[in-house]
Amino acid sequence: SKRQNRSNEDRTKSHKYDPVAALGTQGSPTTMVSPPTSYIAAVPPAGQRKHDISVFGCTGNAGRAVALHVLKVASGKDMRVALSGRNELKVKSTLQSLKDELGRDGIDVDEGKVDVVVADANDEDSMLQLASSSRVVISCAGPYWRYGEAAVKACIKGGSHYVDITGEVPWIERMIGEYESEAKDKGVALLPFAGYDCIPPELAMFMVGNALNSEANGAELGEVQLNIGSSGGGGMPHGTMQTFLDGFEGKLPQRKDGDPFFYPKEYRAVQKGALSLSSFLLPRYQMGTFTGPNFMSAINVPVLCRSSSILGFSSNISISDRMVLTKPSLMNGYGLLPVQVYITTLLFGGIAFALRPVRGWMRNRYLKGYSYGGNPSSKVHLQARGVAADGSSSAVAKCMYPGDPGIYATGLFAAAVSNALLEATDDGSGRLPLAGFNSPVAALSRCRDGLLVENLKALGAEIKVEVLVENKEPKEVDAMKLCSKL
């Protein structure tokens, strides 16, 4: 469909609520824990755009998985895709390998609807050309604190919506401080954390919280328990490994005066409670099994705090984000024995990484030759339980996502988010997502009911939600019909 220019008056009409201005810049923000009546909306990209979705950084392991799923989404649709990177030959080679892989699954890639675009994070003009030709750009070039800003800047200037798969909270804080105001003025949606961190936990919290609200007499979400695990093996993206090592060596950007806090101060107690040493490190019995620390909690919990403040969940909420290592049984102490081994391994691994020779070996001997392309046969499993603040009811979400967490499933999540964003910002959409920097589920929560769930299911996800009210039989809830209080 044609994308027409909108006047500034149309873009800002009745959009008074600013869900991130409340975060402040000096550490003393106010919070919004009740549903806003209006907000700053994203707008359809102005003018005709050659590409619906562009994948920047598609030659890396995670970027390739994102491109794979974007091409799956585009198959059979009137949808144009661009694959982009700084090396044209590598991008063309990636496209050919994707065509071959999809072809073996019976999925044809229409070459007339896929373009190769050369763009380099160190070349502003090339990045702006990519953004200006796209409705949505997915940035996959990490570590983001090194290479990510160019895509953010280009999307805002070029009026393209933005998605990434970062897990770097301090970097996003810096980007919010630098670009939030301009992005909202232009109606540009910027959706970081669209990969394994943090779509599964954020979507689960949204579903159990709103299931309680709709099916348990408006019950308020008081506690979120998350048990996440995977089967079939997996690996870590190259950029994530680099970020991990950079963090140990103190190379990641530090907060500076004026940087906004990622979430309102009212939720700091929530984060402290979830990430305290005793809550994080020790085994915990949760939803029928002993669980260990989820090392992604340091990313997930801040995102859930920010999302809660936008979705209207109370700042008295408690979050338990845990990892399940095996199916519980009497023989393994209902998961306790493998959890103890896992915690011991984490402790010794942390001590090892504190040693410079170990980090040097990782960079020079291991990281340079490291590559993991993902495993489509693996699965990500998530069980979430939301408990009402008064304890009278609870909701349970059980989710399965195809692929290993770090690569294949991350590509699936990013493609689903991007297509949902594409659909939500079409000219015909009457329910637009939030503009500016927001986590994906929060940003899309006001859009068509079930939009993100629908896109995830189209790529093979399985999602089931039940509500349990005191003295009543469990009731299954259609996840496609759950809507935010926004």
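Conventions we followed
- Residue numbers here run from 1 along each chain, matching the order of that chain's written sequence.
- pLDDT decides what is reported in this predicted model: residues at 70 or higher carry local features, side-chain atom pairs at 80 or more are listed and counted, and totals for whole chains, interfaces and linings draw on all residues regardless.
- Where side-chain values are given, they derive from all heavy atoms of the structure, hydrogens and water being excluded.
- Numbering of helices and strands runs from the N terminus; a helix is a DSSP stretch of H or I covering at least four residues, while a strand is a stretch of E covering at least two.
- For every residue, the accessible area obtained with a 1.4 Å probe (protein chains only) is divided by the maximum for its type, and the residue is called buried under 20%, exposed over 50%, and partly exposed between those limits.
- Neither His nor the chain ends contribute to the count of charged residues, in which Lys and Arg are positive and Asp and Glu negative.
- A charge is said to be at NZ when it belongs to Lys, at CZ for Arg, at CG for Asp and at CD for Glu.
- Residues are treated as being in contact if the distance between any of their heavy atoms lies within 4.5 Å.
- By definition, pLDDT measures how confident the predictor is in each residue, and it falls between 0 and 100.
- The pocket and cavity definitions rest on a 1 Å grid over protein atoms only: a 1.4 Å probe that fits but cannot leave marks a cavity, an open set with protein on both sides within 12 Å along at least five of seven lines marks a pocket, and residues lining either have an atom within 4 Å of a point.
- Grid points are joined across faces, edges and corners, and a volume is the space filled by probe spheres set on the points.
- Throughout, the ten residues Ala, Val, Leu, Ile, Met, Phe, Trp, Tyr, Cys and Pro are labelled nonpolar, Asp, Glu, Lys and Arg are labelled charged, and all others, Gly among them, are labelled polar.
- By definition, two strands form a pair when at least two bridges between them are found by DSSP.
- Each axis is a line fitted through C-alpha atoms, and for a helix only the stretch in contact is used; angles between axes span 0 to 180 degrees, taken between their N-to-C directions.
- Patches in this entry comprise residues that are over 30% relatively accessible and not in a salt bridge; like charges within 9 Å are linked, as are nonpolar side chains (Val, Leu, Ile, Met, Phe, Trp, Tyr) within 5 Å.
- All accessible-area figures derive from a Shrake-Rupley calculation using a 1.4 Å probe, and residue coverage is judged against the displayed protein chains alone.
- The rule for a salt bridge is simple: a side-chain nitrogen of Lys or Arg has to be within 4 Å of a carboxyl oxygen of Asp or Glu.
- Here the angle decides the label: under 35 degrees means roughly parallel, over 145 means roughly antiparallel, 65 to 115 means roughly perpendicular, and every other value means oblique.
- It is the rotation of the near helix from the far one that decides the hand of a crossing: anticlockwise by less than a right angle makes it left-handed, clockwise makes it right-handed.

(A) A look at the overall build of the protein. Each helix and strand in the protein was counted, giving 17 helices and 15 strands. Based on the C-alpha atoms only, the size of the protein along its principal axes is roughly 55 × 55 × 50 Å. Counting across all 486 residues of the protein, residues that qualify as buried make up 55%. Counting 52 positive and 49 negative side-chain charges, the protein places the centres of these two groups 2 Å from one another.

(B) Representation of the side chain of Ser439. Among the secondary structure elements, Ser439 is positioned in the loop between strand E13 (436–437) and helix H16 (440–444). Sequence-distant contacts of Ser439, that is, excluding residues within four places in its chain, are made with Pro192, Glu202, Val303 and Ser307.

(C) Up close: the confidence of the model for the protein. Summarising the model, the protein shows a mean pLDDT of 88, and 91% of its residues fall at 70 or more. Here residues 1–37 is a poorly scored stretch, pLDDT under 50, and it has 89 contacts once near neighbours within four places are set aside; other chains count.

(D) A look at the layout of surface pockets. Approximately 410 Å³ is the volume found for the second largest pocket. If you trace the second largest pocket, you find 19 residues lining it, with Asn227, Val324, His381, Leu382 and Gln383 closest to the centre. Every element with two or more residues in the lining of the second largest pocket is listed here: strand E7 (221–231), strand E11 (379–388) and strand E12 (393–402). If you tally residues by element for the lining of the second largest pocket, the top one is E7, at five residues. When the residues that make up the lining of the second largest pocket are grouped by side-chain class, the tally is eight nonpolar, eight polar and three charged.

(E) Looking closely at the sheet that holds strand E8 (residues 284–286). The eight strands lie next to each other as E8-E9-E10-E7-E11-E12-E14-E15, forming an open sheet whose pairing is mixed. Each edge of the sheet is formed by a strand with only one pairing partner; in this case those strands are E8 and strand E15 (475–477). Across this sheet, the average inter-strand angle for adjacent strands is 30 degrees, counted without regard to direction. Across ten bridges, the pairing between E7 and E11 is antiparallel. When the bridges of E11 are listed, Gly229 appears paired with His381.

(F) Structural context of a nonpolar patch on the surface. A contiguous nonpolar surface patch, about 370 Å² in accessible area, is contributed by Tyr285, Leu330 and Tyr334. One can find Leu330 in the loop between strand E10 (318–323) and helix H13 (336–353). Overall, Leu330 belongs to the exposed group, its relative accessible area being 67%.

(G) Looking closely at empty space enclosed by the protein. Under the counting rule described, the total for this entry stands at two cavities of 30 Å³ or more. By volume, the largest cavity amounts to about 150 Å³. In terms of lining residues, the largest cavity is bounded by 17 residues, among which Phe206, Leu444, Ser445, Gly450 and Leu452 are the most central. With three residues, the single largest contributor to the lining of the largest cavity is helix H17 (residues 451–458). Of the residues in the lining of the largest cavity, the class split is eleven nonpolar, three polar and three charged. Put simply, the second largest cavity is a space of about 30 Å³.

(H) Focus on the sheet that holds E13. Spatial ordering of the open sheet is given by E3-E2-E1-E4-E5-E6-E13, a layout of seven strands whose pairing is parallel. The outermost strands of the open sheet, each flanked by one partner alone, are strand E3 (114–118) and E13. In the sheet, strand E1 (residues 51–56) pairs with strand E2 (residues 81–85) via four bridges, with the strands oriented parallel. Paired with Ile53 across the two strands is Val81, which belongs to E2. Relative to the sheet, helix H4 (residues 124–132) contacts E1, E2, E3 and strand E4 (134–139), its axis offset from that of E4 by approximately 125 degrees.

(I) Expanded view of the packing of H4 against helix H6 (residues 149–158). Contact geometry for H4 and H6: axes closest at 8 Å, N-to-C directions at 50 degrees. Compared by their axis directions, H4 and H6 come out oblique. Crossing handedness for the pair H4 and H6: right-handed. When H4 is examined against H6, the residues Glu124, Met127, Leu128, Ala131 and Ser132 are found in contact with a partner set consisting of Ala150, Ala151, Lys153, Ala154, Cys155, Lys157 and Gly158. Looking at the contact of H4 with H6 residue by residue, the class counts come to seven nonpolar, two polar and three charged.

(J) A look at the packing of helix H15 (residues 408–424) against H17. H17 packs onto H15 with a crossing angle of 135 degrees between their chain directions and a minimal axis gap of 9 Å. On the basis of the axis angle, H15 is oblique to H17. Seen along the crossing, H15 lies across H17 with a hand that is right-handed. Contact residues: H15 offers Leu412, Phe413, Ala416, Val417, Asn419, Ala420, Glu423 and Ala424, while H17 offers Leu451, Leu452, Glu454, Asn455 and Leu456.

(K) View of the pattern of salt bridges. For the structure on display, the rule yields 15 salt bridges. Note that Arg64 and Glu101 form a salt bridge whose closest N and O atoms lie 2.8 Å from each other. Of this pair, Arg64 sits in helix H2 (residues 61–74) while Glu101 is found in helix H3 (residues 88–104), placing the two residues 37 residues apart along the sequence. Between Arg363 and Asp246 there is a salt bridge, with its nearest N and O atoms 2.5 Å apart. Placement of the pair is Arg363 in helix H14 (residues 356–366) and Asp246 in helix H9 (residues 238–248), with a sequence separation of 117 residues. The exposure class of Arg363 is buried, given its relative accessible area of 18%. The class for Asp246 is buried, based on a relative accessible area of 0%.

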